[in-house]
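The primary structure of each chain is shown beneath.
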Amino acid sequence: MRLNQVTIPVSDIPRSKDFYQRLGFRLLVDSPHYSRFLAPQGDTTFSLHLTTDPIVPGAVIYLECDELDAEVAALQAEGFDFETAPADMGWLWREANLRDPDGHLIKLYHAGVNRIDPPWRVKPGA
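To keep things clear, this report deals only with the structure shown in the data block. What you see as residue numbers is a count from 1 along each chain, following the sequence as written. Since the coordinates come from a predicted model, pLDDT governs what is reported: local features require at least 70, and pairs of side-chain atoms require 80 or more to be given and counted, while whole-chain, interface and lining totals use all residues. As a convention, hydrogens and water are excluded, and side-chain values are obtained from all of the structure's heavy atoms.

1. Observations regarding unusual backbone geometry
Stage number 1. Positive phi values are uncommon outside glycine, yet L92 reaches one of about 75°.
Stage number 2. The rule is simple: take the accessible area with a 1.4 Å probe, protein chains only, and divide by the maximum for that residue type; under 20% is buried, over 50% is exposed, in between is partly exposed. Using a relative accessible area of 39% as the deciding quantity, one classes L92 as partly exposed.

Rendered as structure tokens:
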């Protein structure tokens, strides 16, 4: 299996569509109730689904960046407000956090080899 698609609920399609396009997502499908994007630098798709239900953000959206600090600085220059600046984490990733218009947490990160092969990785056959 391969992860292909993630969909999140939003309260305002145009506002959320603008936010994700500004992050670099490429719009593929656009309707008043649903928008689908191609993720930046990838083949995974990401969708917004309009809902009238109260939105309780729960999923965390991770976007890997080769040059995290430069990416965050460029987004801040475009007006994005980060909750946390890039910082080294105990799990050997470097992360910065922001939220989309409906409060979904977005983590921009750089993990390098530690994304798939951290020192504590479960070894095959173990």
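2. Side note on the sheet that holds strand β2 (residues 26-30)
Stage number 1. What makes two strands pair is DSSP finding at least two bridges between them. In this text, helices come from DSSP runs of H or I with a minimum length of four residues, and strands from runs of E with a minimum of two, each type numbered from the N-terminal end. With mixed pairing, the four strands of this open sheet are ordered in space as β1-β4-β3-β2. The sheet terminates laterally at β1 (5-10) and β2, the two strands that pair on one side only. Recorded for the sheet is a direction-independent mean angle of 25° between the axes of neighbouring strands.
Stage number 2. Across four bridges, β2 lies against strand β3 (residues 34-38) in antiparallel orientation. Note that in β3 the partner of R26 across the bridge is L38.
Stage number 3. Between two residues, a contact is recorded if the distance between any of their heavy atoms is within 4.5 Å. Axes, fitted as lines to C-alpha atoms, cover a helix only where it is in contact. Angles between the N-to-C directions of the axes lie from 0 to 180 degrees. With respect to the sheet, helix α1 (residues 13-23) is in contact with β1, β2, β3 and β4 (45-50), its orientation differing from that of β4 by roughly 160°.

3. Side note on the sheet that holds strand β7 (residues 94-99)
Adjacent strands of a sheet form backbone hydrogen bonds with each other and so pair up, either parallel or antiparallel.
Stage number 1. The four strands are arranged β5-β8-β7-β6 in an open sheet whose pairing can be described as mixed. Across the chains shown, the open sheet's two edge strands, defined by having one partner strand only, are β5 (60-64) and β6 (82-88). Between one strand and the next, the sheet's axes are offset by a mean angle of 20°, whatever the strand orientation.
Stage number 2. Where β5 and strand β8 (residues 105-110) come together, five bridges link them in parallel fashion. When the bridges of β8 are listed, Y62 appears paired with K107.
Stage number 3. In the packing of α1 onto the sheet, contacts are made with β5, β7 and β8, and the angle to β8 comes to roughly 5°.

Keep in mind these numbers describe shape, not what the thing actually does.
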